[in-house]
Amino acid sequence: MNPGPVPVSPKSWHRLDPDRVLADLRSSAGGLQVRDAAERLERDGPNALAAVPRIRPWKVLLSQFRSHFTWMLVAASGLSALLGQHADAVAILAIVAINVVIGFHQEFRAGRAMEALEERTKSTATVVRDGRMVTVAAAGVVVGDVMVLVSGDMVAADARLLTATSLSCVESVLTGESDAVEKRVPAMDQESVPLGDRRNMVFRGTGVATGTARAVVVSTGMATELGGISRLVDEAGAARSTPLQRNLESFGRGLLWVALANVVLLFGLGLLRGRPPVELLLSAVSLAVAAVPEGLPAMVTVALSLGVLRMSRRRALVRRLASVETLGSASVLCTDKTGTLTVGAMTVRCLHVAGEDYEVSGEGSEPVGEVRCRGRRADLAGDGPLRAYAALLVAGGEAHLQEVGGRWTVRGDPTEGALLVAGMKSGADRVVLEKDFPRLRAFPFDSERRRGSVVRRGRDGGLWVVVQGAPGLLLERCTRILTRDGERPITKADRTFLHARIGLFADQALRVLGSAERRLGSAVTPEEFAAGYERDLVFVGLAGLLDPPRPGVREAVARCRGAGIRVVMITGDHPATATAIGREIGLLSGGEGVITGSEVDDLNDGDLRQRVSGISVYARVNASHKLRVIRAWRATGAVVAMTGDGVNDAPAVAAADIGIAMGGSGAQVTCQSADMILTDDSFATIVEAVEEGRGIHDNIRNTLQFLVSGSVGELLFMTLCVVLGLPTPLLPIHLLWINLVTDGLPGLCLAAGSTDPDVMKGGPRPVVRGFADRALMGSMALTGTLTAAVAFGVYLVSLRSGTVEAARGSAFAVLVFSELFRSFGARSSTRPAWRMVPRFNFPLVAVVLVSVALQVLGQNHAAFGRILHTPPMPFGECLVLMGLGCIPLVALEVLKVLRRKPASGTVRSAAHGIDVA
């Protein structure tokens, strides 16, 4: 059931004061009565995301037969059975079965993203009922419940804060912002406030980093922000097919009609010329079987499977085979910032202490890195001021590090965790410090005070006060400063210098925090302590923090640009931070700016579609904004890839042509929505995947050209003989043998070939052209014409000098030889065969040699000859036919050379997605 109506829009709770919210929800600060909560649960339903509709296996199975290629294969199997070729019929049906099983398995796993999303948020909650705190299942939380939140809790529902003490929440799963968000109770004046800026609200699925609070639940289940994302995931992933699937469907549909039209034409012409109907029927059926490249789906599967295997060695797991080729078609790569382009954790990049600047290396929460000063590694043992500052960084917070499965994570406030990691890199020992200076009391960072402090007791009984916070305000409380020569009174010049340093760090989009300390004697009285200890401080140092780019990201972005791929950053973070990261990784240059989520809201879908190509960075966006950007790009005809790691990325990942998730740090729902998962969380791996995808597409295209060109040659040859009234040149067994020997194994070798090293030069191929573009059709027509011309010439000459059986045998042999030899040139549509020697395809050479040997054996072995209906043929004549069979290959390779002469170098054609001069 849906929740009952409320007086205000769910988006406006942040504008109301707590008392008004409680009144509108018919609740109180003492919580609901147990009976009232039960009634609301009955009325509104559980606090759960929508259940995934149960998938009926038989419907999924039937849906696999929507493909035209599937029906083409079924028809080819039936025709083969009618001709008595039962082995071929069984083999073709086996291909159909394999394709159906793979498709069934993929579709049957659909919907798991929703289940994963529900699993992520399955937890308990503490609520106030009948004036007492009780723990209930998160699914039992209802609108009007008063939740009690403490550090470490997972928020069970969207709620409006009633009270809060030093509260901060990590909302990166919704907003992508890695830093904890400070929360406060007062109402906000603005009507429309981005999700990440609603400071008096807490949201389902987010975590409490610090502090305590009480909040009244305003929405549950699918009405929450997380529920809205789950709905977007469901809608975005519906009815999505890849460019490869669409191209194969389109090509298969056209090929089916062409084959049927040709068969009907030949049958009609034969009847007009008085040919026996049975003979015509056998020939027509054989031609139909020959015209359908029934091995193509299997070869595509082989090409994609080998690509998947190669990608797994590059630390990318592919969940959908066709996605590898789709990524090769990508022209736009949209990516989240936090955890994708950046490490996903606040990291101290630089320190300033005692007049010196230090650079800190290392990313994330792992306490491994190097501290350098003036280009040299700092002396951690001999640098007194740095050692003192490191102790403050470690002692000044409550966060701690945890290593699970080789991954380091921060428990507690992310900023405190970043300072802790920097202190450990700088030589401080957390274990020794906790033993020598046990913590007495902590005052978490407060947005009003803009500082936090920790009080510790030393071995002598004295107190050590560590204060960290906004550096400008902290300086006002300092009377002394730490220098190379020890402590001394702070001067106006010191303050001016430090303020300039703060400005310099801020200009680099760094979050700047200052650290100070105060030592109190063992005889301090409670009155003195209560009078204020955050004064008369000694200023120690500054720290500049940032969620840094991942190693290799800048180079990967440059490679994408060189490959003609547009990279777009979409983040929920602050515009200044997004701008800084965009410039650092090479997305922004000059005065190019960013666009915010609120500006996206001001654009309708048509305006966004017109502007989207001019925007490289989006900031302060939510999940629905990301989804709109993806759809806008797709509406322009672009093939869009989307990478992400948070729950807020899942809808966009599901809606893109190919979704990519970060497997190490990614949310489970995002991984389930994705087509590809990067196990190393490296953006650079995506570029390698693009290269693999382009190579696979070229291999599939070349294989398709090879297979269909052979069928075109056979059709043209047969048609020409029937039109001219010549005897039928090829028997059904000849056509089936050609189909088996020249198409199957050579085609598999072509599909499984290595990738052209120049495949990343130039732009991606436009998807709108499909496979059957003008270049491919022209190439197939030319190749088929050359093959048919050679076969017709041999047939005509043999008819004049011998019997029909001998002419058929010669035409049959030259067709087999010409198609086998042509496979050497089919590896590239522009590179001559001799230039492909460095990437020699040994399996193809072996298959061609064995096939040629079988053909020669069939022409000279009596028993084999009877099966193939070929008369004996001298070995010398076989050699002559081999030479004639080379004519199409030589002509096509010479044409490649002539086409390459006008230009120097090889680039990738944006129009055809192949190498052109």
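Residues numbered from 1 in each chain as written. Predicted model: local features only at pLDDT ≥ 70, side-chain atom pairs only at ≥ 80, totals over all residues. Heavy atoms only, no water.

1. Describing the overall build of the chain
Working step 1: Secondary structure assignment for the chain yields 34 helices and 30 strands.
Working step 2: When the 917 residues of the chain are sorted by exposure, 55% land in the buried category.
Working step 3: At a minimum sequence separation of 6, the contacts of the chain that also span at least 24 residues come to 72%. (Helix = DSSP H or I, 4+ residues; strand = E, 2+ residues; numbered from the N terminus. Buried < 20%, exposed > 50% of the residue type's maximum accessible area, 1.4 Å probe, protein only. Contact = heavy atoms within 4.5 Å.)

2. A closer look at the confidence of the model for the chain
Working step 1: Per-chain confidence: the chain averages 79 in pLDDT, with 78% of residues scoring 70 or above.
Working step 2: For the chain, per-element mean pLDDT is lowest for strand β30 (residues 915-916), which scores 31, and highest for strand β19 (residues 478-483), which scores 94.
Working step 3: Here residues 1-9 is a poorly scored stretch, pLDDT under 50, and it has 15 contacts once near neighbours within four places are set aside; other chains count.
Working step 4: Confidence drops under a pLDDT of 50 for residues 903-917, and excluding neighbours within four residues, the segment shows 49 contacts in the predicted structure. (pLDDT = per-residue confidence, 0-100.)

3. Looking at the nonpolar core
Side chains that are nonpolar tend, in soluble globular proteins, to be buried together.
Working step 1: L327, I660, M676 and F683 are the most contacted members of the largest nonpolar core, which has 65 residues in total.
Working step 2: No other element matches helix α27 (residues 683-723), which puts seven residues into this core.
Working step 3: Residues in contact with I660, not counting those within four places in the same chain, are L327, A641, M642, T643, G644, V653, A674, M676, L678 and I686.
Working step 4: Counting residues in hydrophobic clusters, the runner-up holds 45 residues, among them I738, C749, A788 and L868. (Core = buried A, V, L, I, M, F, W, Y, C linked by side-chain atoms within 4.5 Å.)

4. So, unusual backbone geometry
Working step 1: Even without being glycine, D130 reaches a positive phi, approximately 55°.
Working step 2: Given a relative accessible area of 35%, D130 falls into the partly exposed group.
Working step 3: One non-glycine residue with positive phi stands out, namely D536, at about 50°.
Working step 4: Along the chain, D536 falls in the loop between α19 (526-530) and β22 (537-546).
Working step 5: Take D536: its relative accessible area is 37%, and that puts it in the partly exposed class.

5. Quick notes on the packing of aromatic side chains
Working step 1: Using the criterion set out here, one finds three aromatic pairs in the structure.
Working step 2: Judged by centre distance (5.8 Å) and plane angle (85°), the ring pair of F717 and Y795 falls under edge-to-face. Of this pair, F717 sits in helix α27 while Y795 sits in helix α29 (residues 774-801); the two residues are 78 residues apart in sequence, bridging distant segments of the chain.
Working step 3: According to the relative accessible area criterion, F717 is buried, its value standing at 0%. (Phe/Tyr/Trp six-rings, centres within 6.5 Å; stacked < 30°, edge-to-face > 60°.)

6. A word on the sheet that holds strand β23 (residues 566-570)
Working step 1: The strand order across the open sheet formed by eight strands is β8-β28-β27-β26-β9-β23-β25-β24, and the pairing between neighbours is mixed. With partners counted over all chains shown, the strands left at the sheet margins are β8 (316-318) and β24 (595-596), one partner each.
Working step 2: As judged from the three bridges shared by strand β27 (residues 658-662) and strand β28 (residues 676-678), these two strands associate in the parallel manner. Bridge pairing in β28 places M662 opposite L678.
Working step 3: Strands in contact with helix α24 (residues 623-635) are β9 (332-335), β23, β25 (617-619) and β26 (640-644); relative to β26, the strand with the most contacts, it is inclined by about 160°. (Pairing = 2+ DSSP bridges. Axes fitted to C-alpha atoms, helices over the stretch in contact; angles between N-to-C directions.)

7. Describing the pattern of salt bridges
Working step 1: A complete count under the given rule lists 27 salt bridges for this structure.
Working step 2: As a salt-bridge pair, E534 and R451 come within 2.7 Å of each other at their nearest N and O atoms. Taken together, the residues span a long stretch of sequence, with E534 in the loop between α19 and β22 and R451 in strand β17 (residues 451-457) at a distance of 83 residues.
Working step 3: Its salt-bridge partner being D536, residue R535 comes within 3.0 Å of it at the nearest N-O pair.
Working step 4: Accessibility expressed as a relative area gives 36% for R535, which makes it partly exposed.
Working step 5: One network of salt bridges, with partners in common, ties together E370, R372 and R377. (Salt bridge = Lys/Arg side-chain N within 4 Å of Asp/Glu carboxyl O.)

8. Here's the deal with helix α30 (residues 804-825)
Working step 1: Relative to the 32 Å expected for 22 residues at 1.5 Å per residue, α30 spans 32 Å between its end C-alpha atoms, a close match to the ideal helical length.
Working step 2: Counted residue by residue, α30 has 18 buried out of 22 residues, so it is predominantly covered. (Expected span 1.5 Å × (residues − 1).)

9. Quick notes on the environment of A751
Working step 1: Here A751 shows up in helix α28 (residues 732-751).
Working step 2: On the basis of relative accessibility, which here comes to 4%, the residue A751 falls in the buried class.
Working step 3: As a C-alpha pair, A751 and G695 span 56 residues in sequence and 9.9 Å in three-dimensional space.

10. Details of the packing of helix α14 (residues 384-395) against helix α15 (residues 414-425)
Working step 1: Interaxial distance between α14 and α15 falls to 7 Å at its minimum, and their mutual angle equals 145°. Crossing handedness for the pair α14 and α15: left-handed. Across the interface between the two elements, A390, L393 and V394 of α14 pack against L419, L420, A422, G423 and M424 of α15.
Working step 2: Looking at side-chain class alone, the contact of α14 with α15 contains seven nonpolar, one polar and no charged residues. (Left-handed = near helix turned anticlockwise from the far one by under 90°. Nonpolar A, V, L, I, M, F, W, Y, C, P; charged D, E, K, R; others polar.)

11. With respect to a nonpolar patch on the surface
Working step 1: A contiguous nonpolar patch, built from L720, V723 and L724 and spanning about 240 Å² of accessible area, is present on the exposed surface.
Working step 2: Following the sequence through the fold, V723 ends up in helix α27.
Working step 3: Judged by relative accessible area, which is 39%, V723 ranks as partly exposed. (Patch = residues over 30% accessible without salt bridge, like charges linked within 9 Å, V, L, I, M, F, W, Y side chains within 5 Å. Areas by Shrake-Rupley, 256 points an atom, 1.4 Å probe, with all protein chains shown as cover.)

12. Topic: the pairing of strand β7 (residues 207-219)
Working step 1: The buried fraction of β7 is high, at eleven of 13 residues.
Working step 2: By the bridge criterion, five bridges tie strand β3 (residues 146-150) to β7 in an arrangement that is antiparallel. When the sheet's bridge partners are listed, V146 is paired in β7 with V216.

13. Remarks on the side chain of Q705
Working step 1: Counting through the fold element by element, Q705 comes out in helix α27.
Working step 2: Only 2.8 Å separates the side chain of Q705 from the side chain of S779, close enough to count as a polar contact.
Working step 3: Contact partners of Q705, with chain neighbours within four places excluded, come to L776, S779, M780, T783 and R822. (Polar contact = N/O pair within 3.5 Å; in protein donor to acceptor, adjacent residues only side chain to side chain.)

14. Comments concerning helix α33 (residues 875-885)
Working step 1: Looking only at α33, the buried set comprises C878, L881, M882 and G885. The arc that holds every buried residue of α33, seen down its axis, measures 105°, which confines them to one face. (Arc of directions from axis to C-beta.)

15. Section: the packing of α30 against helix α31 (residues 842-860)
Working step 1: Where α30 meets α31, the closest approach of the two axes is 10 Å, and the angle between their N-to-C directions is 175°. On the basis of their axis angle, the class for α30 and α31 is roughly antiparallel. Taking contact as the criterion, the partners of G809, F812, A813, V816, F817, L820, F821, S823 and F824 in α30 are, on α31, L844, V845, V848, S851, V852, Q855, V856 and Q859.
Working step 2: Along the lines of polarity and charge, the residues of the contact of α30 with α31 split into twelve nonpolar, five polar and no charged. (Parallel < 35°, antiparallel > 145°, perpendicular 65-115°, else oblique.)

16. Thoughts on the environment of D657
Working step 1: Its location among the elements puts D657 in the loop between α25 (650-655) and β27.
Working step 2: Separated by 330 residues in the primary sequence, D657 and L327 place their C-alpha atoms 8.2 Å from one another.
Working step 3: Polar side-chain contacts of D657 include one of 3.0 Å to the side chain of R634.
Working step 4: In this structure the side chain of D657 is engaged in a polar contact, spanning 2.8 Å, whose partner is the backbone nitrogen of V640.

17. Some details on the pairing of β17
Working step 1: Across the seven residues that make up β17, a large majority, six, are buried.
Working step 2: With five bridges connecting them, strand β16 (residues 439-446) and β17 associate as antiparallel partners. Opposite R439, over in β17, you have R456 as the bridge partner.
Working step 3: Alignment of β17 against strand β18 (residues 463-469), held across seven bridges, turns out to be antiparallel. Looking across to β18, one finds that S453 is bridged to V467.

18. Section: the side chain of T685
Working step 1: Considering the arrangement of structural elements, one finds T685 in helix α27.
Working step 2: Looking at T685, the relative accessible area reads 2%, which means it is buried.
Working step 3: Those residues in contact with T685 that sit more than four places away from it in its chain are M311, R314, R315, A316, L678 and D680.

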